[in-house]
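Letter by letter, the chains look like this.
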Amino acid sequence: MVGAGGCLLPSGSTPDLCVPLPLQSRLHQNCSEQIKPINDTHSLNDTMWCSWAPFGKPRARCSSHSPFPLPREEAVQGGLPAGASMQSAFCSSHLLSDKDNYKELLAGVDNAFLVAYAIGMFISGVFGERLPLRYYLSAGMLLSGLFTSLFGLGYFWNIHELWYFVVIQVCNGLVQTTGWPSVVTCVGNWFGKGKRGFIMGIWNSHTSVGNILGSLIAGIWVNGQWGLSFVVPGIITAIMGIITFLFLIEHPEDVDCSPPQHHGEPAENQDNPEDPGNSPCSIRDSGLETVAKTSKGPCEEPAAIDFFGALRIPGVVEFSLCLLFAKLVSYTFLYWLPLYIFNVAHFSAKEAGDLSTLFDVGGIIGGIMAGLISDYTNGRATTCCVMLILAAPMMFLYNYIGQDGITSSIVMLIICGGLVNGPYALITTAVSADLGTHKSLKGNAKALSTVTAIIDGTGSIGAALGPLLAGLISPTGWNNVFYMLISADVLACLLLCRLVYKEILAWKVSLSRGSGYKEI
């Protein structure tokens, strides 16, 4: 669960399960303004005596209870019986000291997830192409819910061991790789190329909505029983896995709907027997039509494409490397934006977290606009390239003038979110679906999951590198962090130059012939 409030990574989610920034503050908070309980054994200079140390060891014991009982509401909120004393409250939660490098350890926990997710993604697509997607996706969601809940249960089980949280993160990163290739494949099965960009742009907004909801849900319990910030989302994810198992329909043919057109116009497809949409083996008809076709001869199901076969599809390598740098920029903003706003604009921690959600709001708008424009122009690469070019100066301006006031912060955060996340959203959805049904496959449509996994897996490497580089560079100044982001943005743009050139040539040919655009 990646919260829009971000994750503090001083040395380095997800997509998707990290220790949220507000929760990290809870784990290591400044206790200098709080009143110590009676019979407290901590040093007078210890300013973190009230923290819940995730990697610490016992250092004190409570020999007696305070004569001052806690208010009923505070006791209940803290998971204690009504009338429990203040001393017992501290005895139950705050007996542990943490290691001096706890920030690096928390960063390692987050990176354990990101690295496992990036590695597992390359494997996940191969399995997703060969297993029923409904079972595969449902099992992944159930396991994701389990491991997310186990992370939070470490609080209730009073676990303070690094290995426990790292193992849970690695397992969660691996099982969550079942999600993205599966859902993109399902949506790609239902919608053809004509309006795929716009439809998937709207559909992809769920990622930003999930970021916002994740942050809000985590924030409910962050100042109390923070374990619920993971247990509750884990339960929600498991419930949605059950719903997916019961109601997901993988192919339109399964409910007697016509398959989508994946290439060009209907007239063109009728003359192209190699199009997956025209191959009789790709249509799951029933009734008399099936009998008629089987009487002419059995149709063999095409074999799923392998990893290296997917790499040979034109455009897969370019878009994968482009996403690496685009996702590097996006995830650096996701993890570090609240801290940047807090330090540079001097907003409160809550205000910084709330403002950072505007970046996701811009991402929703940018993803929809990118899909709509690419559908109209039939230029996926050109759309991404133009947005990346515009994003570079906007990031520069945001760093220098974006913190001058609340109005400028809001406007520029939305614009930057749209320009940064627009190409990211387009590549991971419509572009992946287009390449997974590319005409070079000669009718074999069983490549969607593998292609999506390769593209998103490569992008996830950037998602792990971005926060790590930001953590290493930030001590030298925030300006250098933004220079790094702008450089990554420019590299992402340059990697698409060949594809942009081919699209421009295709437009020229289309205009000269006076006919519609044909896929190259």
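Residues numbered from 1 in each chain as written. Predicted model: local features only at pLDDT ≥ 70, side-chain atom pairs only at ≥ 80, totals over all residues. Heavy atoms only, no water.

Looking up the chain in an unreviewed UniProt entry gives the name Glucose-6-phosphate exchanger SLC37A2, with the organism given as Papio anubis. Here the chain is described in UniProt, under the heading Catalytic activity (unreviewed entry), as follows: "D-glucose 6-phosphate(in) + phosphate(out) = D-glucose 6-phosphate(out) + phosphate(in)". Recorded in UniProt for the chain, the comment headed Subcellular location (unreviewed entry) runs: "Endoplasmic reticulum membrane". (UniProt positions renumbered as here; feature names shortened; annotations may be inferred.)

Colleague: I'm lost on the overall build of the chain in this one. Help?
Modeller: In terms of regular secondary structure, the chain is built from 20 helices and two strands. Counting every position in the chain, which comprises 520 residues, the buried fraction comes to 53%. Total accessible area on the chain stands at roughly 23,100 Å², and carbon and sulfur atoms take up 66% of it. (Helix = DSSP H or I, 4+ residues; strand = E, 2+ residues; numbered from the N terminus. Buried < 20%, exposed > 50% of the residue type's maximum accessible area, 1.4 Å probe, protein only. Areas by Shrake-Rupley, 256 points an atom, 1.4 Å probe, with all protein chains shown as cover.)

Colleague: What exactly am I supposed to notice about the nonpolar core here?
Modeller: Side chains of nonpolar character tend, in soluble globular proteins, to be buried together. Core analysis: the largest hydrophobic core is formed by 75 residues, its most contacted members being Ile-341 and Tyr-398. With 16 residues, the top contributor of residues to this core is helix α14 (residues 316–345). With residues up to four places along the chain from it excluded, the contact list for Tyr-398 reads Leu-337, Tyr-340, Ile-341, Gln-403, Ser-409, Met-412, Leu-413, Cys-416 and Phe-482. Of all hydrophobic cores here, the second largest spans 12 residues; its members include Val-109, Phe-147, Tyr-155 and Phe-230. (Core = buried A, V, L, I, M, F, W, Y, C linked by side-chain atoms within 4.5 Å. Contact = heavy atoms within 4.5 Å.)

Colleague: Help me understand the side chain of Thr-244, please; the structure alone is not making it clear to me.
Modeller: Residue position: Thr-244 is located in helix α10 (residues 228–247). Of the residues examined, Thr-244 reaches a relative accessible area of 14% and is grouped as buried. Not counting residues within four places of it along the chain, the set of residues in contact with Thr-244 comprises Arg-134, Leu-137, Ser-138 and Met-141.

Colleague: What should I look at first to understand helix α20 (residues 497–513) in this one?
Modeller: Each turn of an α-helix holds 3.6 residues, which means side chains three or four residues apart point in the same direction. The end-to-end C-alpha distance of α20, which contains 17 residues, comes to 25 Å, matching closely the 24 Å that a straight helix rising 1.5 Å per residue would cover. Looking only at α20, the buried set comprises Leu-499, Val-500, Glu-503, Ala-506 and Ser-510. Angularly, the buried residues of α20 cover 120 degrees about the axis, an arc narrow enough to put them on a single face. When the buried face of α20 is taken as reference, the exposed residues oriented beyond 90 degrees from it are Tyr-501, Lys-508 and Ser-512. (Expected span 1.5 Å × (residues − 1). Arc of directions from axis to C-beta.)

Colleague: Looking at this structure, how should I read the side chain of Thr-458?
Modeller: With respect to the helices, strands and loops of the structure, Thr-458 is situated in helix α18 (residues 448–473). Given a relative accessible area of 10%, Thr-458 falls into the buried group. Excluding its chain neighbours within four sequence positions, the residues that come into contact with Thr-458 are Phe-122, Ser-320, Leu-321 and Leu-324.

Colleague: I'm lost on the environment of Tyr-501 in this one. Help?
Modeller: Structurally, Tyr-501 is set in helix α20. Residue classification places Tyr-501 among the exposed residues on the basis of a relative accessible area of 53%. Sequence separation between Tyr-501 and Ala-381 is 120 residues, and the spatial gap between their C-alpha atoms is 9.3 Å.

Colleague: Looking at this structure, how should I read the pattern of salt bridges?
Modeller: Here the idea is simple: oppositely charged side chains can pair when their charged atoms come close. Scanning all chains against the criterion turns up four salt bridges. For Arg-498, the salt bridge goes to Glu-318, with nearest N and O atoms at 2.4 Å. Note that Arg-498 is positioned in helix α20 and Glu-318 in helix α14, a separation of 180 residues in sequence. Asp-375 is the partner of Arg-380 in a salt bridge, and the nearest nitrogen-oxygen pair spans 2.9 Å. (Salt bridge = Lys/Arg side-chain N within 4 Å of Asp/Glu carboxyl O.)

Colleague: What exactly am I supposed to notice about the environment of Ile-504 here?
Modeller: Its location among the elements puts Ile-504 in helix α20. Under the relative-accessibility criterion, Ile-504 is labelled partly exposed at 35%. Ile-504 sits 122 residues away from Thr-382 along the chain, and the two C-alpha atoms are 8.4 Å apart.

Colleague: Just to check I follow, could you spell out helix α8 (residues 196–203) for this structure?
Modeller: Taken residue by residue, α8 has Arg-196, Gly-197, Met-200 and Gly-201 as its buried positions. Around the axis of α8, the buried residues are gathered within 125 degrees of arc, so they sit on the same side.

Colleague: Help me understand the environment of Ile-373 in this model?
Modeller: In this fold, Ile-373 is placed in helix α15 (residues 349–377). For Ile-373, a relative accessible area of 40% corresponds to the partly exposed category. Taking C-alpha positions, Ile-373 is 10.0 Å from Cys-384, a pair spaced 11 residues apart along the chain.

Colleague: Can you walk me through a nonpolar patch on the surface in this structure?
Modeller: There is a patch of nonpolar side chains on the surface, built from Tyr-135, Leu-142, Ile-235, Ile-236, Ile-239, Met-240, Ile-242, Ile-243, Phe-245, Leu-246 and Phe-247 and spanning about 1,100 Å² of accessible area. Looking at the nonpolar patch, the elements that each hand over two or more residues are α5 (133–156) and α10. Take the nonpolar patch: its biggest share by element is nine residues, from α10. Take Ile-239: its relative accessible area is 45%, and that puts it in the partly exposed class. (Patch = residues over 30% accessible without salt bridge, like charges linked within 9 Å, V, L, I, M, F, W, Y side chains within 5 Å.)

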